[in-house]
Amino acid sequence: MACCIVTHAELAKMMKQENIIVWEPDTKTEHFIRNAKFATRATDLGFVAPTPSVPKLEEVDAKAFTTLESLVEDFHVAGMNKSAAMDTETPASKIDVIQNVEVAGYNAVTLRASDAKGLAEWMKQSGFVSTPAIQSWTDFYIQKGWYFTAFKVNVTDGRAETGLVKMSFKTERPFNPYFVPADNLPAADQREGLALYFVSTGIYSPEGDHASFKMSVAAPLRPEDSTDLKSQLRLANLPKDATVAAFTDSTFPNGAQDDLYFEQSGPKPEWPKAPSVGIASENADGSENPSEPFPIIPVVAAVLVVLGGVLLWRNRK
């Protein structure tokens, strides 16, 4: 979900984004969940998300972010008023509508376009803003043969409530949307950054040099975290040796011209072992050696011998 496009002739600025990626390398399936903040004066909201294949859309539980945030923290320490369903009629034969579904308070249409101009016309007919910058952005993905899913908020009886949407799709390489149209970029001092939780087999890192995109911690999922996450994200299974890598980027959105692709960079980490009880001993040079374990059993035995001797002496006396 690399772009926000506001309906009814009003553009939005992308301010902050928090994402979850679950990558299944065996099936080459990515599950992508985004929680984003926008700045706009519009009364309703819509946005377009490109994917390399047709996505399956499901509502998921926002508590998944809390689950991963708590896990990472533990390991580190151890309005809309009006909307309508979109018009799915296509201009000429340049647009192919694949699916039209209702999910988490949105009307979502997945389509494929053969040229950016035809897609721009469809967007305008469906109540979306299209500009030269947005048209250039869509053309980038059209040339790659990707699909677009257009989301528009549904309103019932004057009220709009939206949930969190999971997009599950096939892809040769896992990626995080990073390319944002120029019209959706806020001023540099208004950017609120990006946070990403990447869950997969072992540790994954972005390909190439991305100095601003930094990993803060990587932690293995505990059994209780895995159980919660599968339920919250409506997943039957998680990848083997599941690890979450937490990333932040304070510069996002920053005008990058492509998305972030990831590759495996390390094995599953291990939780640190609890420290053993010990006392300091003296080395040959007189310095202390704190690593020598405390001789618990011999000491206990000596104490018992002394107590037994005292009791025997008292009885005789």
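Everything discussed here concerns the structure shown above.
Per chain, residues are indexed from 1 in the order of the written sequence. Residue-level local features of this predicted model are given only where pLDDT is at least 70; pairs of side-chain atoms are given and counted only at 80 or more, and the full residue set underlies all totals for whole chains, interfaces and linings. Excluded from the side-chain calculations are hydrogens and water; all other atoms, namely the structure's heavy atoms, are used.

Asker: Can you break down the overall build of the chain residue by residue, with the values?
Answerer: Across its full length, the chain holds five helices and 16 strands. Each of the 317 residues in the chain was classed as buried or not, and the buried ones make up 46%. Total accessible area computed for the chain in this model is approximately 16100 Å², and 51% of it derives from carbon and sulfur atoms. Secondary structure follows DSSP: runs of H or I at least 4 residues long count as helices, runs of E at least 2 residues long count as strands, and numbering of each begins at the N terminus. Exposure is judged per residue with a 1.4 Å probe applied to protein chains only, and the accessible area is read against the type maximum: over 50% gives exposed, under 20% gives buried, and values in between give partly exposed. The method behind every accessible area is Shrake-Rupley, applied with a 1.4 Å probe, and residues are considered shielded solely by the protein chains displayed.

Asker: Explain helix α2 (residues 116-125) residue by residue, including any values.
Answerer: For α2, the complete set of buried residues consists of A116, G118, L119, A120, W122 and M123. Residues of α2 that are buried make contact with β5 (95-103), β6 (106-113), α3 (132-142) and β7 (147-153). Polar contact is the term for a pair of N or O atoms within 3.5 Å; when the atoms are in protein, one must be able to donate a hydrogen and the other to accept it, and sequence-neighboring residues count only if both atoms are side-chain atoms. Where α2 begins, one side-chain oxygen reaches toward the backbone nitrogen of K117, 3.1 Å away; that side chain belongs to D115. Positive phi shows up at G127, right after α2, with a value of about 90 degrees. Pairs of residues are marked as contacts when any of their non-hydrogen atoms sit within 4.5 Å.

Asker: Got a sec to walk through the sheet that holds strand β11 (residues 203-206)? Specific residues and values, please.
Answerer: Pairing between strands is defined by DSSP: at least two bridges between them are needed. Reading across the sheet, the three strands line up as β9-β14-β11 and stay open at both edges, with antiparallel pairing between neighbours. Strand pairing shows two members of the sheet lacking a second neighbour, β9 (175-176) and β11, which therefore form its edges. As paired strands, β9 and strand β14 (residues 260-266) are joined by two bridges and run antiparallel to one another. Looking at β14, one finds that N176 is bridged to L260.

Function-wise, these values are silent; they only describe arrangement.
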